[in-house]
Amino acid sequence: MMVDQPRYKNSDEVDFVIVGSGAAGGILAKELSTNGFRVVVLEQGPYLTEADFTHNEIEILVLDKLTNHPKLQPTTVRKTPDEKAKQQRALVYGRCVGGTSVHFTANFWRFHEIDFIERSKVGPVPGAGLMDWPITYADLEPYYTKVEWEIGVSGQAGASPFDPPRSKPYPMPPLPVKSSGVIFERAARKLGWHPYPAPMAILSQARAGRSACVNCGFCLGFGCEVGAKSSSLVAAIRVAEKTGRCEIRPNSYVHRIEMDANGRATGAVYFDQKRVVHLQKAKAVVVCANGAETPRLLLLSANKQFPNGLANSSGIVGKYLMFNSGGVVTGQFEHPLNDYKGYAVSRVLHDFYELDPQKVAFYGGGGLDARFDFTPITFAFGGLPPGTPRWGKDFKAALAQDFNRTMEIFCHGTSLPVENNSFSLDPDLKDAWGLPALRLTYKDHPDDLKLGNWMFARAHELFEAAGAQKKWGFPAQEQQFGVHLLGTCRMGNDPKTSVINADHRTHDVKNLFLCDGSSLVTSGRGQPTMTIEALAFRAADRITALAKRGEISA
Amino acid sequence: MSELNRRNFLLRAGTGFSAAWVTANWPALLSAATHAHNAARAARPPKFEFFTPEEAAEVEAISARIIPTDDTPGAREAGVVYFIDHGLVTFGADDQTTYREGLPELRARVSELFPGASKFSGLTAEQQDAVLHSFDESAPAGRRAFRARPGAQNFFETLRQHTIAGFLIDPEYGGNRDGVGWKVIGREREHVFQSPFGYYDKDYPGWQSAAKEADKG
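Bear in mind the structure is a predicted one, so any value in this text is a computation, not a measurement.

Right, let's get into the overall build of chain A. The number of helices and strands found in chain A is 12 helices and 17 strands. Computed over C-alpha atoms, the radius of gyration of chain A comes to 22 Å, within 12% of the 24 Å expected from 2.2 N^0.38 for 554 residues, which places it in the range of a compact globule. The C-alpha extent of chain A, read off along each of the three principal axes, is 70 × 50 × 50 Å. Here chain A holds 554 residues, and the buried ones make up 62% of them.

Below is the structure:
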């Protein structure tokens, strides 16, 4: 941990308390402290650094060293509101300074123009609450560029004919292509599609005191021990700390936003590591706890004035949850790919980003990517073709034969916002601190499944064109588990159908702001973090302007 | 290892790394070298912390049927039983009961299927496989989970997952002795690699050239 951080007292009324230090929280901390404000970031997880990150799969798979823990933070799951939810793991998110950006795959596509105006363009979709954003791609474009340059994204501008306009090229070239990427690229071209180098939040060149990627191969699920992965931890939090105005307070589990009689937030109440309760006072509260924990915190903060939860006059806090639809096809080739070397994704294509609902008979669109995101152990559990013996001589022979010759195509796509799909408080189950656990209610919209299966068929076509020796896959299924946690406190101009306005300010509480996956109005096509970070940069500008005009504390 | 020695070690060990590339990536390489260094320290003496020697012999015999030794090393050579033993007093403490209850059940199954026998490790390989088949409840096929999760339903499945983990984990962390598991699957021991990585990317002309070729074709 940095030694030059200020140490604020709980009784010091700082300018902003930020709940969560992930993709959005880290950037807001950086921007607001750089703009001269005094900031305390409360992070429920530990403060880990490069020295703590290992390639120990047990720490990741069994101990949840970087993520929410299913024993301490159990969850329940059901499909529809009339069911009783069963205890089951509903989600995985980063629980450490830097949040999910520490362990993510780092796919960093921008959203396209269509994602912001889709309701106007395709009209209403039965069974969904599809809505336009109150901002457009053009409003967000400068902030996408900011993410690329300030956080660090590798890529090649202009390589995809479907890309939206951009004001600046990428700050550094794409990472080296992998064999999976070359196979994908050649086959896609044969089919007349337009593959291009994947934009990744991983450094291809040393930059800002951080190393370039060394292709260790332990990427998805792991923290980067050389600082090449552009997490909030290395790209934002460290800048915030250097301002001398930002304190990162780890092991601080916020469970209530404190309110005064005038309906203003006065700070955040949290458990420290010893489970002692504190109130950090602040002039304004910014919640960046992710698309599950942000609505949970609002619901946990219900009081007499806000009996249905804070900032929930609309009744939609936690609702319209979107996971992104998907499917995976795996293929085997004759020669070694050695795809265990390097980061996960080197090629992607967006030919199907905007499908014509009239032609395909469903709403949606998506992208395909070439990847290998297995570690040796996860490959042995999930990378072999169906029907392979699970132990014994033939199992071992399959591992030896296939580990280096396997790649995957991931299908990514839209999820429609459906009101019943939600995170709420479980009425019975409690977490280790005695607080109501998260309850997931989720049933994919039929169009999401249709899209998933349509994309799945394209992935099969691609492997066919690539001459894969073997291919198999798991088509889209109803999801009961998520890692993209989107839309649960969505942004909009109408306080009846949204929770925050275009400035990320809650419609109901003047000095309460929300910014993370929960802010998204639509789900994009599967890679939300880039947009969450662009929103965070924009939110910081909006909040700074409001504060400087005296419109937050007044 | 001094920094200078580490640097020489890396220059020698890494195939095809240019000196300029090593210099450019120096901080990262140091970190990777520390991994290798810690690996040497992590080797534990073969002393059991959870199993009795008899239990250890049974567990080792089972692991050796899950990943057998043939013309290449198997679970036995990878020291999987030590990984599991240490695991059961650390990350896998929740699975202690599974083993405590599972081992007597195994012994009962051995006697039931092969009257007169009482030890799994005393059976022939074919007999051992018959016993394990009687335990194995195949998992249904389905979409793969976001992450595979060791720590499972029954004794055999738990032992199967622990064996795989002990065979394939980064050797730094107490299994996969001498990296034999990675040798079997063809994963190089290094944690720093340079492109080209495999057969299909080695002659790749670059994205621009590939795009132009495609346009011509």
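Here the focus is the overall build of chain B. The helix and strand tally for chain B stands at 10 helices and 0 strands. Shown N-terminal to C-terminal, the secondary structure of chain B runs as helices and strands in the order α-α-α-α-α-α-α-α-α-α. Restricting the contact set of chain B to residue pairs at least 6 apart, pairs at least 24 apart contribute 56%.

This brings us to the sheet that holds strand S10 (residues 325–332) of chain A. As a general point, the strands of a sheet are linked pairwise by backbone hydrogen bonds and lie either parallel or antiparallel. Residues and elements named next belong to chain A. Spatially, 6 strands are ordered S5-S11-S12-S13-S10-S16 in an open sheet, and the strand pairing comes out antiparallel. The sheet is open, and its two edges are formed by strand S5 (195–197) and strand S16 (470–474), each paired on a single side. Put simply, the sheet's adjacent strands are angled 25 degrees from each other on average, direction ignored. Pairing between strand S11 (residues 345–349) and strand S12 (residues 366–371): 4 bridges, direction antiparallel. Across the sheet, the residue bridging to Val348 is Asp369, located in S12. Helix H11 (residues 446–465) contacts S10, S12, strand S13 (406–413) and S16 of the sheet and is inclined by roughly 20 degrees relative to S10.

Moving on, we come to the packing of helix H6 (residues 96–113) of chain B against helix H7 (residues 125–135) of chain B. Residue and element names in this part refer to chain B. It is at 10 Å that the axes of H6 and H7 come closest, and there the two elements cross at 120 degrees. When the axes of H6 and H7 are compared, the pair comes out oblique. With respect to the hand of their crossing, H6 and H7 are arranged in right-handed fashion. Residue-level inspection shows Arg109, Val110 and Leu113 of H6 in contact with H7, the latter providing Ala130, Val131 and Ser134. The residue makeup of the contact of H6 with H7, split by class, is 4 nonpolar, 1 polar and 1 charged.

This part takes up the sheet that holds strand S14 (residues 422–430) of chain A. All names here are of chain A. Spatially, 4 strands are ordered S4-S3-S15-S14 in an open sheet, and the strand pairing comes out mixed. The sheet terminates laterally at strand S4 (86–87) and S14, the two strands that pair on one side only. Inspection of the sheet shows S14 paired to strand S15 (residues 436–441) by 5 bridges, in the antiparallel sense. Counterpart to Ser424 in the pairing with S15 is Arg439. On top of the sheet, helix H7 (residues 293–300) reaches S14 and S15; it is set at about 60 degrees to S14, its chief contact.

Looking now at the interface of chain B and chain A. Contacts between the two partners involve 51 residues from chain B, matched on the other side by 57 residues from chain A. Those elements giving two or more residues to the side of chain B that touches chain A turn out to be helix H3 (26–42), helix H4 (53–66), helix H8 (155–168), helix H9 (180–185) and helix H10 (207–216) of chain B. Looking at side-chain class alone, the side of chain B that touches chain A contains 29 nonpolar, 11 polar and 11 charged residues.

Residue and element names in this part refer to chain A. Looking at the element boundaries, Leu298 is found in helix H7. The spacing of Leu298 and Pro386 is 88 residues in sequence and 44 Å in space, taken between C-alpha atoms. In this structure, Leu298 is in contact with Gly309, Leu310, Ala311, Asn312 and Val317, ignoring residues within four places of it in sequence.

A few words now on the environment of Ile169(B). Note on placement: Ile169(B) falls in the loop between H8 and H9. Judged by the 26 C-beta atoms lying within 10 Å of it, Ile169(B) is buried. With 58 residues separating them in the primary sequence, Ile169(B) and Ser111(B) have C-alpha atoms 34 Å apart. The contact partners of Ile169(B), leaving out residues within four places of it in the chain, are Glu57(A), Ile58(A), Ile377(A), Gly175(B) and Asn176(B).

For the rest of this paragraph, the subject is the confidence of the model for chain B. Residues and elements named next belong to chain B. Chain-level pLDDT for chain B is 80 on average; 71% of the residues reach the 70-or-more range. The lowest-confidence element of chain B is helix H1 (residues 3–13), averaging 38 in pLDDT; the highest-confidence one is H9, averaging 98. pLDDT under 50 marks residues 1–23. Its contacts with residues more than four places away, or in other chains, come to 19 contacts. Segment residues 139–152 is flagged for pLDDT under 50; beyond a separation of four residues in sequence, or across chains, it makes 30 contacts in the model.

On to the pairing of strand S3 (residues 75–78) of chain A. Residues and elements named next belong to chain A. As paired strands, S3 and S15 are joined by 4 bridges and run parallel to one another. By the bridge assignment for S15, Val77 is matched with Leu440. Pairing geometry for S3 and S4, over 2 bridges, is antiparallel. For Val77, the partnering residue across the bridge sits in S4 and is Lys86.

What follows deals with unusual backbone geometry. Cis peptide bonds are those with omega within 30 degrees of zero, and the linkage from Ser195(B) to Pro196(B) qualifies with 0 degrees. In this structure, Pro196(B) sits in the loop between H9 and H10. Phi angles above zero are rare outside glycine, and Asn251(A) is one such case at about 55 degrees. A positive phi is found at His504(A), a non-glycine position, where the angle reads about 70 degrees. By secondary structure assignment, the location of His504(A) is in the loop between S16 and strand S17 (512–514). Given 28 C-beta atoms within a 10 Å radius, His504(A) is considered buried.

All names here are of chain A. Across 5 bridges, strand S1 (residues 14–19) lies against strand S9 (residues 277–287) in parallel orientation. Directly across from Phe16, in S9, lies its bridge partner Ala284. Here 5 bridges tie strand S8 (residues 265–271) to S9, and the two strands are oriented antiparallel to one another. Directly across from Tyr270, in S9, lies its bridge partner His278. In this antiparallel pair of consecutive strands, S8 and S9, the connection spans 5 residues, and Arg275 shows a positive phi of 65 degrees. The pairing of S9 with S17 spans 3 bridges and is parallel.

Within the secondary structure, Tyr82(B) sits in helix H5 (residues 80–87). The sequence separation of Tyr82(B) and Leu103(B) amounts to 21 residues, and the corresponding C-alpha distance is 16 Å.

As a further point, take the packing of helix H1 (residues 23–34) of chain A against helix H12 (residues 529–548) of chain A. Residues and elements named next belong to chain A. Close contact between H1 and H12 brings their axes to 8 Å; oriented N to C, the two are set at 30 degrees. Relative to H12, H1 is oriented roughly parallel. Between H1 and H12 the crossing geometry is right-handed. Judged by residue contacts, Ala23, Ala24, Ile27, Leu28, Glu31 and Leu32 of H1 engage Thr529, Ile532, Glu533, Leu535, Ala536, Phe537, Ala539, Ala540, Ile543 and Thr544 from H12.

Residues and elements named next belong to chain A. With 12 residues, H1 extends 17 Å between its outermost C-alpha atoms, agreeing within 8% with the 16 Å of an ideal straight helix rising 1.5 Å per residue. Counting buried residues along H1, 11 of its 12 residues qualify, which places the element largely inside the surrounding structure. Considered for burial, the residues of H1 that qualify are Ala23, Ala24, Gly25, Gly26, Ile27, Leu28, Ala29, Lys30, Glu31, Leu32 and Ser33. Residues of H1 that are buried in the fold lie against S1, strand S2 (39–42), helix H6 (232–242), strand S6 (246–249), S9 and H12. Count one or two residues on from H1 and you reach Gly36, which has phi positive near 100 degrees.

What counts, and at which threshold
Residues numbered from 1 in each chain as written. Chains lettered and ligands numbered in written order. Predicted model: local features only at pLDDT ≥ 70, side-chain atom pairs only at ≥ 80, totals over all residues. Helix = DSSP H or I, 4+ residues; strand = E, 2+ residues; numbered from the N terminus. Rg over C-alpha atoms; globule rule 2.2 N^0.38 Å. Buried ≥ 20, exposed ≤ 12 C-beta atoms within 10 Å, placed from the backbone. Contact = placed C-beta atoms within 7 Å. Pairing = 2+ DSSP bridges. Axes fitted to C-alpha atoms, helices over the stretch in contact; angles between N-to-C directions. Parallel < 35°, antiparallel > 145°, perpendicular 65-115°, else oblique. Left-handed = near helix turned anticlockwise from the far one by under 90°. Nonpolar A, V, L, I, M, F, W, Y, C, P; charged D, E, K, R; others polar. pLDDT = per-residue confidence, 0-100. Expected span 1.5 Å × (residues − 1).

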